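Read off the chains here:
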Amino acid sequence: MTCTSEATILVVDPDAAHAARRATALAGRGRTEVAGTVARGLQELAAGRPAMCVLADALLPAELSALAASARKHGVYALLGADARAPDALELALRAGCDGVLTPDEPAAGVDDHTRRAAAFAAAHRLDRQDFEALRRRYETLQQRCAQQAESFQESQESYYLDLARVMTIISNIMDGIVFVDRGGNVTLLNPVAEDLLGTKAFVAVGRPLRALQGRADLLGVLVADHDRVGSSREVSQTVEVHHSEQDLLYIRCITSRVADYSGQPAGTLTVLKDVTADYKSDQLKNQYLSIVAHELRTPLTGIKTFSTMMCKGTLGPLTEKQLRVVDSIREQSLRLEHQIDKLINLGHLEADEYGQDREEFSVAEFTAGLVLPFEQPARDRQIALTFACEGADDECLFADRADLRRACQALIENAVKFTNDGGTVDVRVVRARDGGLRFVVKDSGIGIDPRYHRRIFEKFFQVEDPLTRHHGGAGLGLFVAKGIVEAHGSRIEVSSRLGEGAEFSFALPHRTESAAAAPATAGQAQR
Amino acid sequence: MERTVLIIEDEKLIIVSTQMVLEAAGFRVESATNGEDGIAKARSLTPDLVLLDIMMPGIDGWETLTRLKRDTETANIPVIIFTAREHARGHQKSAEMGAADYFRKPFEPDELIELVEKHVGQRI
């Protein structure tokens, strides 16, 4: 048996001579340290000096117990050296917590046996201690992490409550009504403005189905309808007249949007109720004013146009060539003026929700007859090849406001001719779409539109070019009006263009089918 | 037989220019500058067609149309509404009220003649 170099046998014995004898007897079986008192021995063990075995002798049972307990705590093999071969030596040793007994006359093999057991004991305890140390370190790390997590959780919780408080303050104080309805159709939030507009209270409404609420029935009905129909589109809106009090007629714009949860699943709808009474009234005034202005301008224009046309035709007698040129110019300018007045009226029209009112059935052939005629001369003057083709759809039936639809189509053609350079091409077509419907398409080889302006070109008065330096005339109303008309018929204008590469505008024509008969009315309602 | 068109219109300029166009096309043209006068002339002259403006002082074109259609003596005279102002559902409204057509000012003389030719004498 060899001991590890660190292994030491600690002999605790108040009798120095006896201890020295022990040390001599144990020579060659490990390094021997002698402690003269129990206190010293405990000190040695507490200091963590590497000890393999404690050999205690001539101690009181209590001292022996303390020493054995400390030895066990530090993973040291404790052994009672028994002077007398007392029959109760082994019992005493075991009771005190020792691992065995060593008698003075024990043969060398017995000493070796104890040394081996001490070494095995020490090794096992060393392993346990290592495991324990590793576990303790992991525990400390985990504890540290838990503390960090708890701290960060608390921070985020505080920040969450702060954000929530901010949002709730905004929602409570905002000038618009806010209503949140969950996926199941139950109200989950209602701010004070919404309470006032809907004629109900949050404490009554929250948690109850939207369709079961009692209050201002007209507005609640719109909310229910919008909540149901927002499913298929991202957002729906409509303006509703609300009799808020006996004298107070309000115009409320209801904008309902879908709300998704963190995983993108539908979580309900959010409705914003905006009081647009002031805008609406100013729109009404503006439209009345526009209508009166148009009337006042059209009356003298009728005279100018009629007289100049009759003179050009020679109805009022022959003119010289010079006179004819002048009168022709007067007629042309009167036509231009008429066109501009029409555009102004169209602008008023859109804002008065009057597009698409006079709907009737007519054939594609009837509709397209003469559609490109007004642009043929201007196109010829600039060597632009203007073509029209109706690809086998002549007999198809459309259902629309014929005059409005014509304005929309002509606005697209006019736009294409205007922005096509001399010698270019403009192709106007009615084609059959993949879904069986019909599309009106205007494609030109013109200057094209930068994709970043594709949305803005439909805004009122918008022009890509600087108004002071631009080469192309116009008020910036053509596309705005066309968009309004097309949307009032339940369709949408698509643009495909890049700068310098021409442009293609197209939209689905209001085709007469069973479903088309009902659909446009709903789409039109969403417009104002 | 000479065909007569009665223009009920408060703007002298419109009366004159419309009259010139229709006379050049061979119609006899009479005019009235307000609704009341127009109704009286329609009863006394029984024209083949009435061109009726909407915005007039006194009774407006819609009211004039209603009265013309209510009176058995004038009810069957075709009336073309003739307006410079945009009216919501103008086409629909005029058709519902018994007008033969709806026409906007300013107009192309040829189109006016074509429309008058279409309806003149087509007593309902």
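Here is a short report on the structure shown in this document. Note that residues are indexed from 1 along each chain, following the sequence as it is written. Chains carry letters and ligands carry numbers; both start at the beginning, A for chains and 1 for ligands, and go up in the order they are written. Given that the model is predicted, a residue must reach a pLDDT of at least 70 before its local features are reported, and side-chain atom pairs must reach 80 or more before they are shown or counted; all residues, however, enter totals for whole chains, interfaces and linings. Think of the side-chain values as coming from all heavy atoms in the structure, minus any hydrogens and water.

1. Here's the deal with the overall build of chain A
To keep things clear, this is the line we draw: Numbering of helices and strands starts at the N terminus; helices are DSSP runs of H or I of at least 4 residues and strands are runs of E of at least 2. Any two residues whose heavy atoms approach within 4.5 Å are treated as being in contact. Calculation of accessible area relied on Shrake-Rupley with a 1.4 Å probe; when residues are assessed, cover is drawn exclusively from the protein chains displayed.
Tallying secondary structure elements over chain A gives 15 helices and 17 strands in all. Considering only intrachain contacts with a sequence separation of at least 6, the fraction spanning at least 24 residues in chain A is 60%. Accessible surface, chain A: about 28900 Å² in total, of which carbon and sulfur atoms supply 55%.

2. Remarks on the nonpolar core
All names here are of chain A. Just so we agree on the cut-off: Each nonpolar core is a collection of buried residues, namely Ala, Val, Leu, Ile, Met, Phe, Trp, Tyr and Cys, held together in the definition by side-chain atoms within 4.5 Å. The cut-offs for exposure are 20% and 50% of the maximum accessible area for each residue type, with area from a 1.4 Å probe on protein chains only; residues under the lower value are buried, those over the upper are exposed, and the others partly exposed.
By size, the foremost hydrophobic cluster in this structure holds 45 residues, and its most contacted members are Leu412, Ile413, Phe440, Phe505 and Phe507. Among the elements that line this core, the one with the most residues is helix α13 (residues 402–418), at eight residues. Not counting chain neighbours up to four residues away, the residues in contact with phenylalanine 440 comprise Leu371, Cys409, Leu412, Ile413, Val428, Arg429, Val430, Phe505, Ser506, Phe507 and Leu509.

3. Things to note about the sheet that holds strand β3 (residues 49–52) of chain B
Residues and elements named next belong to chain B. Short version of the rule: DSSP-based pairing: two strands are paired if at least 2 bridges between them are found. Axis angles are defined between N-to-C directions and span 0 to 180 degrees, where every axis is a line fitted to C-alpha atoms and, for a helix, only to the segment in contact.
The strand order across the open sheet built from five strands is β2-β1-β3-β4-β5, with neighbouring strands paired in parallel fashion. In this open sheet, the two strands that pair with only one neighbour each are β2 (28–32) and β5 (101–104). Here the strands of the sheet are splayed against their neighbours by 20° on average, with no regard to which way each runs. Bridge count for strand β4 (residues 79–83) against β5 is four bridges, and the pairing is parallel. Residue pairing across strands places phenylalanine 82 opposite phenylalanine 103, the latter belonging to β5.

4. Quick look at a nonpolar patch on the surface
We count it as follows: Each patch is assembled from residues with relative accessible area greater than 30% and no salt bridge, linking like charges that lie within 9 Å and nonpolar side chains (Val, Leu, Ile, Met, Phe, Trp, Tyr) that lie within 5 Å. Each reported salt bridge corresponds to a side-chain nitrogen of Lys or Arg within 4 Å of a carboxyl oxygen of Asp or Glu.
A surface patch of nonpolar side chains, about 410 Å² in accessible area, is lined by Tyr160(A), Tyr161(A), Leu164(A) and Met168(A). Take Tyr160(A): it is sitting in helix α5 (residues 108–173).

5. Points about helix α8 (residues 217–229) of chain A
Residues and elements named next belong to chain A. Selection rule: What a helix should span is 1.5 Å times the count of its residues minus one.
An ideal rise of 1.5 Å per residue puts 18 Å on 13 residues; α8 measures up with 18 Å between its terminal C-alpha atoms. Among all positions of α8, only Leu219, Leu220, Val222, Leu223, Val224, Asp226 and His227 are buried. Of the surrounding elements, those touching the buried residues of α8 are β6 (177–182), α6 (192–198), β8 (235–243), β9 (249–260) and β10 (266–275).

6. Examining the environment of Asp401(A)
Residue and element names in this part refer to chain A. Mapping aspartate 401 onto the fold places it in strand β13 (residues 397–401). A relative accessible area of 7% means that aspartate 401 is categorised as buried. Placed 109 residues apart in sequence, aspartate 401 and proline 510 show a C-alpha to C-alpha distance of 9.6 Å. Residues in contact with aspartate 401, not counting those within four places in the same chain, are Gly356, Gln357, Asp358, Arg359 and His489.

7. A closer look at unusual backbone geometry
With an omega of -5°, the peptide bond between Lys105(B) and Pro106(B) qualifies as cis. In this fold, Pro106(B) is placed in the loop between β5 and α5 (109–119). One non-glycine residue with positive phi stands out, namely Gln383(A), at about 50°. Checked against the element boundaries, Gln383(A) lands in the loop between α12 (373–381) and β12 (385–390).

8. Remarks on the packing of aromatic side chains
For the record, the criterion: Only Phe, Tyr and Trp rings take part, Trp by its six-membered ring, and two of them pair if their centres are within 6.5 Å. Stacked means planes under 30 degrees apart, edge-to-face means over 60, and tilted covers everything else.
In total, this model carries eight aromatic pairs over all chains according to the counting rule given. Measuring from centroid to centroid gives 3.9 Å for Tyr251(A) and Tyr280(A), while their planes differ by 20°, and the two rings are stacked. Pair noted here: Tyr251(A) is in strand β9 and Tyr280(A) is in helix α9 (residues 277–312), with a separation of 29 residues, a long-range link. Each member of the pair, Tyr251(A) as well as Tyr280(A), carries the same accessibility label: buried. Every member of this aromatic cluster is reached through a ring pair, and the members are Phe82(B), Phe103(B) and Phe107(B).

9. Some thoughts on empty space enclosed by the protein
Residues and elements named next belong to chain A. So the rule is basically this: The method works on a 1 Å grid over the protein atoms by themselves. A cavity is a set of points holding a 1.4 Å probe that cannot get out, a pocket is an open set with protein on both sides within 12 Å along at least five of seven lines, and residues with an atom within 4 Å of a point line them. Grid points are joined across faces, edges and corners, and a volume is the space filled by probe spheres set on the points. All amino acids are sorted into three groups, where Ala, Val, Leu, Ile, Met, Phe, Trp, Tyr, Cys and Pro are nonpolar, Asp, Glu, Lys and Arg are charged, and the leftover types, Gly among them, are polar.
Counted under the stated rule, the structure contains two cavities of 30 Å³ or more. In this structure, the largest cavity spans a volume of roughly 70 Å³. Lining the largest cavity are Ile9, Leu26, Cys53, Leu55, Leu79, Leu102, Val111, His114 and Thr115. Contributing elements (two or more residues each) for the lining of the largest cavity: β3 (53–56) and α5. The leading source of residues in the lining of the largest cavity is α5, at three residues. Residues belonging to the lining of the largest cavity are distributed by class as follows: seven nonpolar, two polar and no charged. There is about 30 Å³ of room inside the second largest cavity. As for the second largest cavity, its lining consists of Val54, Ala56, Leu64, Leu67, Ala68, Ala78, Leu79 and Cys98.

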